[in-house]
Amino acid sequence: MTARLNLFGNPTSTAAKAAGHFGTASKTILQESTLPAATQKLVLLRASQINGDGYATDVWSKNAAHAGEDATRVNLVAAWRESTVFTDAERAVLELTEQGTRIADAAGGVTEEAWANAAEHYDEDQLSDLVMLIALINATNRMGVIVGKRGGDYQPGQLG
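What counts and what doesn't
- Residues numbered from 1 in each chain as written.
- Predicted model: local features only at pLDDT ≥ 70, side-chain atom pairs only at ≥ 80, totals over all residues.
- Heavy atoms only, no water.
- Helix = DSSP H or I, 4+ residues; strand = E, 2+ residues; numbered from the N terminus.
- Buried < 20%, exposed > 50% of the residue type's maximum accessible area, 1.4 Å probe, protein only.
- Contact = heavy atoms within 4.5 Å.
- Lys, Arg positive; Asp, Glu negative; His and termini not counted.
- Charge placed at Lys NZ, Arg CZ, Asp CG, Glu CD.
- Core = buried A, V, L, I, M, F, W, Y, C linked by side-chain atoms within 4.5 Å.
- Salt bridge = Lys/Arg side-chain N within 4 Å of Asp/Glu carboxyl O.
- Axes fitted to C-alpha atoms, helices over the stretch in contact; angles between N-to-C directions.
- Left-handed = near helix turned anticlockwise from the far one by under 90°.
- Nonpolar A, V, L, I, M, F, W, Y, C, P; charged D, E, K, R; others polar.
- Patch = residues over 30% accessible without salt bridge, like charges linked within 9 Å, V, L, I, M, F, W, Y side chains within 5 Å.
- Areas by Shrake-Rupley, 256 points an atom, 1.4 Å probe, with all protein chains shown as cover.
- Expected span 1.5 Å × (residues − 1).
- Polar contact = N/O pair within 3.5 Å; in protein donor to acceptor, adjacent residues only side chain to side chain.

### What to know about the overall build of the protein chain
- Counting its regular elements, the protein chain contains seven helices and zero strands.
- Listed N to C, the secondary structure of the protein chain is α-α-α-α-α-α-α in terms of helices and strands.
- Viewed in the frame of its principal axes, the protein chain has a C-alpha envelope of about 45 × 30 × 30 Å.
- Sorting the 160 residues of the protein chain into buried and exposed places 41% on the buried side.
- In the protein chain, the proportion of contacts linking residues at least 24 apart, taken out of those at least 6 apart, comes to 67%.
- Positive and negative side-chain charges of the protein chain, numbering 13 and 19 respectively, have mean locations separated by a distance of 12 Å.

Right, here's the structure in full:
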């Protein structure tokens, strides 16, 4: 199955311009944040998995592996609670990511406990970056799922 729509098909369209802003915002966080790069990739991968975005799951799992992330860790992101390969800080981020991603699942939003746990490991600027990263990947995942973008063909570095 091919994607239903290419949001960038007409580069002068309103949608292409708006999607480009999402990309720019994401790159700002990914390149300028003091959050560890591995932590960022865990956030992006876990939210993409939860949202059922095959394309983004493909992108972020391959990018993590390409950046040197251990295959065991990449493979266990979806089962992080039952795994021993993540630090306490990473577990806090994965919990925050899950709660921030599942807001619409009547899960109650982000708990004070999850926020406090993340705040034990990250400063205010990093927490702000996490909020933006979680929000941006969720919006991006939704775009990908709506247009039916499929995973499997991504090659690391393809996005720049």
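### Considering the nonpolar core
- In terms of nonpolar packing, the biggest core is built from 29 residues, with V43, W60, V77, F86, L94, Y122 and L130 touching the most fellow members.
- Mapped onto this core, the elements with two or more residues apiece are helix 2 (37–50), helix 3 (54–66), helix 5 (88–101) and helix 7 (124–147).
- Beyond its immediate sequence surroundings of up to four residues, F86 is in contact with L42, R73, L76, V77, W80, R91 and L94.

### Structural notes on the side chain of Q99
- Position of Q99 among the secondary structure elements: in helix 5.
- Judged by relative accessible area, Q99 falls into the buried class, the value being 14%.
- Not counting residues within four places of it along the chain, the set of residues in contact with Q99 comprises G109, V110, T111 and A114.

### Description of the pattern of salt bridges
- If you walk through the whole model with that rule in mind, you get six salt bridges.
- Salt-bridge contacts for E98 lead to R46; the nearest nitrogen and oxygen are separated by 2.8 Å. Of the two residues, E98 sits in helix 5 while R46 sits in helix 2, which places them 52 residues apart along the sequence.
- The class of E98 is buried, set by a relative accessible area of 5%.
- Within the structure, one salt-bridge network assembled from shared partners comprises R46, R81, E95 and E98.

### Some words on the packing of helix 2 against helix 5
- One way to put it is that helix 2 packs onto helix 5 with a least axis distance of 9 Å and a crossing angle of 35°. In this structure, helix 2 meets helix 5 at a crossing whose hand is right-handed. Side by side, helix 2 and helix 5 meet where T39, L42, V43, R46, A47 and I50 of the first sit next to E90, V93, L94, T97, E98 and T101 of the second.
- Partitioned by chemical class, the residues of the contact of helix 2 with helix 5 number six nonpolar, three polar and three charged.

### Quick notes on a nonpolar patch on the surface
- Together, V110, W115 and V131 make up an exposed nonpolar region whose accessible area comes to about 230 Å².
- Its place among the elements puts V131 in helix 7.
- A relative accessible area of 42% means that V131 is categorised as partly exposed.

### A short note on helix 3
- The first and last C-alpha atoms of helix 3 sit 18 Å apart over 13 residues, in line with the 18 Å expected at 1.5 Å per residue.
- For helix 3, the complete set of buried residues consists of Y55, A56, D58, V59, W60, S61, N63 and A64.
- Where the residues of helix 3 are buried, they touch helix 1 (14–32), helix 2, helix 4 (71–76) and helix 7.
- Residue D53 occupies the N-cap position of helix 3, its side-chain oxygen lying 3.2 Å from the main-chain nitrogen of Y55.
- Positive backbone phi, approximately 100°, marks G68, located one or two places after helix 3.

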